[in-house]
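Structural overview
Single-letter residue listing:
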Amino acid sequence: QVQLVESGGGLVQAGGSLRLSCAASGLRFSTYTMGWFRQAPGKEREFVAYIPWSGASTNYADSVKGRFTISRDTAKNTVYLQMNSLKPEDTAVYSCTARRQFERGSTNPIEYTFWGQGTQVTVSS
């Protein structure tokens, strides 16, 4: 079955950086659009970024544009989220997700099929 396992979360001071990783198994990774979403306590799940399977342009939430970078390594079946210039408002559980095979990107979480367990990111001020 499909498994998505995130790692790399932790506690960091404002202005710092973290790199999240998501290792995928049970799917033909190169044919799946991958995304990252986050959810802070008491808030709805929020789109962060996606990277299409097709090589089309990546997409970012306005709140992270210019600070976060999503990338993928097909040889390692892994998607990354490099987070720089972190702010306290970036504090959330970050989850990796995959759409159905050959689907393009979406900012709507209900259009994603597979989800990881999430990794906590805490940014202190």
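What you see is a predicted model, and the numbers here were worked out from it, not measured in a lab. (Residues numbered from 1 in each chain as written. Predicted model: local features only at pLDDT ≥ 70, side-chain atom pairs only at ≥ 80, totals over all residues. Heavy atoms only, no water.)

For the rest of this paragraph, the subject is the sheet that holds strand β7 (residues 68-73). The sheet built from 4 strands is open, its strands ordered β1-β3-β8-β7 with antiparallel pairing. At either margin of the open sheet sits one strand with a lone partner, and together these are β1 (3-7) and β7. For this sheet, the mean inter-axis angle between neighbouring strands, taken without regard to orientation, is 15 degrees. (Pairing = 2+ DSSP bridges. Helix = DSSP H or I, 4+ residues; strand = E, 2+ residues; numbered from the N terminus. Axes fitted to C-alpha atoms, helices over the stretch in contact; angles between N-to-C directions.)

Counted under the stated rule, the structure contains 7 aromatic pairs. Considering the side-chain rings of Phe37 and Tyr112, the 5.2 Å spacing of their centres and the 75 degrees angle between planes classify their relative orientation as edge-to-face. Of the two residues, Phe37 is situated in strand β4 (residues 32-39) and Tyr112 in the loop between β9 (92-101) and β10 (114-115); the sequence distance between them amounts to 75 residues. For the residue pair Phe37 and Tyr112, the accessibility class agrees, reading buried in each case. Among the aromatic residues, ring-to-ring pairing joins Phe37, Phe47, Tyr50, Tyr112 and Trp115 into one connected group. The ring of Phe29 carries Arg72 above its face, with NZ or CZ at 4.5 Å from the centroid. (Phe/Tyr/Trp six-rings, centres within 6.5 Å; stacked < 30°, edge-to-face > 60°. Buried < 20%, exposed > 50% of the residue type's maximum accessible area, 1.4 Å probe, protein only. Lys NZ or Arg CZ within 6 Å of the ring centre and 35° of its normal.)

The phi torsion at Asn77 lies on the positive side, around 50 degrees, for a residue other than glycine. In this structure, Asn77 sits in the loop between β7 and β8 (78-83). Even without a glycine there, the phi angle at Ser85 is positive, about 50 degrees. Looking at where Ser85 falls in the secondary structure, it is placed in the loop between β8 and β9. Using a relative accessible area of 42% as the deciding quantity, one classes Ser85 as partly exposed.

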